[in-house]
Amino acid sequence: MSLSLADVEKVARLARLAMNDQELQAAQAQLNNIFGLIAEMQAVDTKGVEPMSHSQDLAQRLREDMVTEPDQREAFQAVAPQVEQGLYLVPQVIE
Amino acid sequence: MTWEIVIGLEVHTQLSTNTKIFSGASTAFGAEPNTQADAVSIALPGVLPVLNKGAVERAIKFGLATGSHIAPRSVFARKNYFYPDLPKGYQISQFDLPVVGQGALTIQVEPLSGNAKPYEKTVRITRAHLEEDAGKSMHGDFHGMTGIDLNRAGTPLLEIVSEPDMSSAAEAVAYAKTLHTLVRWIGICDGNMQEGSFRCDVNVSVRKPGQPLGTRREIKNLNSFKFMQQAIDYEVQWQIDTIENGGKVHQATILFNPDTGETRAMRSKEDAHDYRYFPDPDLLPLEISSEWIEQVRAMLPELQQQKYARFMIELGGDSGLSSSDIRFLTASREMADFFETVLAAVPKDAKMCANWIMGEVSAQLNRDGLDMAQCPITARQLGGMLQRIADGTISNSGAKEVFRTMWAEGGDADAVIEAKGLKQVSDSGAIEALVDEIIADNADKVAEYRSGKDKLFGFFVGLAMKASKGKANPAQLNDILKKKLEG
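With respect to the pairing of strand 1 (residues 4-14) of chain B
Residue and element names in this part refer to chain B.
Then, in step 1: Within strand 1, 9 of the 11 residues are buried, which leaves the element mostly enclosed by the surrounding structure.
Then, in step 2: Here strand 1 runs beside strand 11 (residues 198-207); their pairing, made up of 10 bridges, is antiparallel. Directly across from Val-11, in strand 11, lies its bridge partner Cys-200.
Then, in step 3: Bridge count between strand 1 and strand 10 (residues 156-162): 5 bridges; the pairing is antiparallel.

Let's talk about the packing of helix 5 (residues 304-315) of chain B against helix 7 (residues 333-345) of chain B
Residues and elements named next belong to chain B.
Then, in step 1: Between helix 5 and helix 7, whose axes approach to 13 Å, the crossing angle comes to 30°. Compared by their axis directions, helix 5 and helix 7 come out roughly parallel. The chirality of how helix 5 crosses helix 7 is left-handed. In this structure, helix 5 contributes Lys-307, Arg-310, Phe-311 and Leu-315 to the contact, and helix 7 contributes Ala-336, Phe-339, Glu-340 and Leu-343.
Then, in step 2: Per-class residue counts for the contact of helix 5 with helix 7 are 5 nonpolar, no polar and 3 charged.

What about the interface of chain A and chain B?
Then, in step 1: Taken together, the contact between chain A and chain B spans 39 residues of the former and 59 residues of the latter.
Then, in step 2: Summed over both sides, the interface between chain A and chain B buries roughly 4,300 Å², with carbon and sulfur atoms accounting for 56% of that surface.
Then, in step 3: Seen at the junction of chain A and chain B, the total is 3 salt bridges.
Then, in step 4: Between Lys53(B) and Glu64(A) there is a salt bridge, and its shortest N-O distance comes to 3.7 Å.
Then, in step 5: Looking at the side of chain A that touches chain B, the elements with two or more residues in it are helix 1 (5-14), strand 1 (62-63), helix 3 (73-78) and strand 3 (87-91) of chain A.
Then, in step 6: The element contributing the most residues to the side of chain A that touches chain B is strand 3 of chain A, with 5 residues.
Then, in step 7: A class-by-class count of the residues in the side of chain A that touches chain B yields 16 nonpolar, 10 polar and 13 charged.
Then, in step 8: As paired strands, strand 1 of chain A and strand 2 (residues 51-52) of chain B are joined by 2 bridges and run parallel to one another. Within strand 2 of chain B, the residue paired with Arg63(A) across the bridge is Asn52(B).

So, how was this worked out
- Each chain carries its own residue numbering, running from 1 in the written order of its sequence.
- By the order in which they are written, chains take letters starting at A while ligands take numbers starting at 1.
- Reporting in this predicted model follows two pLDDT cut-offs: at least 70 for local features of residues, and 80 or more for side-chain atom pairs to be given and counted; totals over whole chains, interfaces and linings ignore these cut-offs and use all residues.
- Where side-chain values are given, they derive from all heavy atoms of the structure, hydrogens and water being excluded.
- To sort residues, take the accessible area from a 1.4 Å probe on protein chains only and compare it with the maximum for the residue type: under 20% means buried, over 50% means exposed, and anything in between is partly exposed.
- The numbering of helices and of strands both runs from the N terminus, where a helix is a DSSP run of H or I of at least 4 residues and a strand a run of E of at least 2.
- In this description, strands pair whenever DSSP reports at least two bridges between them.
- Only the stretch in contact is used when a helix axis is fitted, and all axes are lines through C-alpha atoms; the angle between N-to-C directions ranges over 0 to 180 degrees.
- Here the word oblique covers every angle except those under 35 degrees (roughly parallel), over 145 (roughly antiparallel) and from 65 to 115 (roughly perpendicular).
- Helix crossings get a hand from a simple test, with the near helix turned counterclockwise from the far one by less than a right angle marking a left-handed crossing and a clockwise turn marking a right-handed one.
- By definition, residues are in contact when any of their heavy atoms lie within 4.5 Å.
- Residues are grouped as follows: nonpolar covers Ala, Val, Leu, Ile, Met, Phe, Trp, Tyr, Cys and Pro; charged covers Asp, Glu, Lys and Arg; every other residue, Gly included, is treated as polar.
- Accessible-area loss on putting two parts together, using a 1.4 Å probe and summing over both, is the definition of buried area adopted here.
- Any carboxyl oxygen of Asp or Glu that lies within 4 Å of a side-chain nitrogen of Lys or Arg is treated as forming a salt bridge with it.

Okay, here's the thing in structure tokens:
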């Protein structure tokens, strides 16, 4: 399997990456190299092997349902580009 | 030829945990903006999610209550999309391995058309998965900008997905209501629809019987049962009209406008549904042992249907409660708990308990615009009053006064009875003396009665009640009066 330039454009758009033609072509070549590696791995017979969802064979540690985080709004908002009435301001989004 | 309606629901229930699903920030509703948005909620670089045990426990409860498969191993996945109220750029959800698998919910459907009878139906549950809620966007007056409050970001949700088993707005509403009652009953969600704790997405399509499924449109974010019914009715008619006029239904996400009663499609973005799910490398698989499931099972309260069945056996029957009484008394957990506490005070008088709760209590709650949880008289107080009716201390009319006083001013029945002097006279000597006096004062009427004018009995009862200021025990008074009048 290999990626077309249109595939690369779509992935870039989904990731909100602005790329010019040259960059798209470079990315296409790099991604296709990765697909080559994946193709090699997919050729391995994995019949009967349960797919992993994590590289470590461990189970998730759970947290007790207790409040541990204090209000740090002031500290967090000190580094935000724009805030008002306690809200983070962003360019307008209206559906 | 008629159309067949096909409806499936996705319900987002906010779980009633103290903290967020992946961090120890509070989930209390109504806090100042962003004061509960910790480093994880605002997605500062380098933070890691740690799963909340309380959220998992609630998912297990739901699975047990619906007879669903509970996955011994489930996996969290990233659902990728960009929106400012989702600062990570992805929502942590579950995709191909959800925590709760197939189950079912039995619903009672009250048809909306006049003469159709209520019926029972089983709706299959496809799955329920854990995920995090997003923040809120405020489109107020911020110089052309949008304000973001991330307090809600990371609140645990259980998204409950049904099979498309419903075929009318009435069935969809019955399912949503049953689910709403269930999540409150088992204490996993507060069910507050105004605050967004219980939000429904409804998938609707139409087809001719026997034909393959039609194209569905998804009505998003319905937060009232009334709107749900209106939205479905409108949408079904719209789809039928569109097809009958030669048009085609296109898959879309739509919104319901309660002001116009219409649905409209949201502007669909080209790539809106390309979420590129993949397992979240920040989270290991969630493992749920059978021991844990059994521990949670032991914590589960008696469920609505179990309680209904038990009441039918223990309290139903010819002289007992009717099935509609029992349906009423098990309509919510609060109601059932209230009834059982009252009943514990007067275990032999289930019918009296039911009559008071379904009568005076419900009427007063309605009048004052309150729900069961806000009832100013506790079940214990009402039980105390019913004991005084049962043991003859107060009459029914006296009880009504006690009830009104307790409702308005509080206090225990005994104190109110004492303060208002409502104790019935059950001393037979006192009643006899009173009756003797009436007979002596009304010799002519007594003679008429004795010559066969039975109707006069009521006249004597009235006089005696008046003389006792309404406090004479009515049963006892009747007996004594009858005996004396007969001479």
